[in-house]
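Descriptive analysis of the structure
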Amino acid sequence: MSGSPRSARIAIIGVGNEFRHDDGAAWAVIARLRERADGRPLPPGTVLSVCDGDPGRLIELWENADLAVVLDAAHAHPGHPGRVHRLELDAAELGRPRTTVSHGLGLGEAIELSRALGRLPGHLVVYAVEGADTSLGTGLSEPVAATVETLVARVEDEIVRHRDAAARGPRNIHGGGPP
């Protein structure tokens, strides 16, 4: 691995508002990842953060990251509460103009601004969970709460895949070519 800051940094970012019911799903996943890390530490350079979706804050959290995993609430009409969507963008795809919106305009704006500033992560994976209730209050709806452990496992799998690919060499970090 090179000695650049990007080579060892993994940013896991939960976007939302824990005081708007299902909009707090990502924060619940980050809290559970922190609990699990007490008994099974995450790889060095892995940072767990929460954010309200402000584009400047998102850019700050994923800057210099080789892998950024963003968790967010999705608002679909008609919705299927608890359904999880996964979007994956590598450096080449992130370099092309594209708007990705899952939490208002914050995530899409952050990607576009990050591209313009040359501060994109090397690889971005977004998990968006369709919510049922974003009214004021705490606690997740039953279908969204049921996805938390699944999302924790999926994020841990992303970290393992990234770590394993990085160990095989730079050309394989995101699935390019045989070892």
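Residues take numbers from 1 onward in each chain, read along the sequence in its written order. A pLDDT threshold of at least 70 governs which residues receive local features in this predicted model, and a stricter bar of 80 or more applies before side-chain atom pairs are shown or counted, although totals over entire chains, interfaces and linings include all residues. With hydrogens and water stripped out, all remaining heavy atoms of the structure feed into the side-chain values.

Close approach of charged atoms allows side chains of opposite charge to pair. For salt bridges, the criterion is a side-chain nitrogen of Lys or Arg within 4 Å of an Asp or Glu carboxyl oxygen. Inspection of the entire model under this criterion finds 13 salt bridges. A salt bridge links E156 to R40; the nearest nitrogen and oxygen atoms lie 2.9 Å apart. Of this pair, E156 sits in helix α6 (residues 148–168) while R40 sits in the loop between α1 (25–39) and β2 (46–51), and the two are 116 residues apart along the sequence. Judged by relative accessible area, which is 13%, E156 ranks as buried. Its relative accessible area of 48% is what places R40 among the partly exposed residues. Note that D164 is salt-bridged to R163, the shortest N-O span being 3.6 Å. Via salt bridges that share partners, R32, E35, R36, R40, E149 and E156 belong to a single interconnected network. Numbering of helices and strands runs from the N terminus, with a helix taken as a DSSP run of H or I at least four residues long and a strand as a DSSP run of E at least two residues long. Relative accessibility under 20% of the residue-type maximum defines a buried residue, over 50% an exposed one, and the middle range a partly exposed one, all with a 1.4 Å probe and only protein chains included.

A large share of strand β1 (residues 10–15) lies buried, amounting to six of its six residues. In β1, alternate side chains face the same way, and those of I10, I12 and G14 on one face and A11, I13 and V15 on the other are all buried. As paired strands, β1 and β2 are joined by six bridges and run parallel to one another. Bridging across to β2, G14 finds its partner in V50. When DSSP locates at least two bridges between a pair of strands, those strands are taken to pair.

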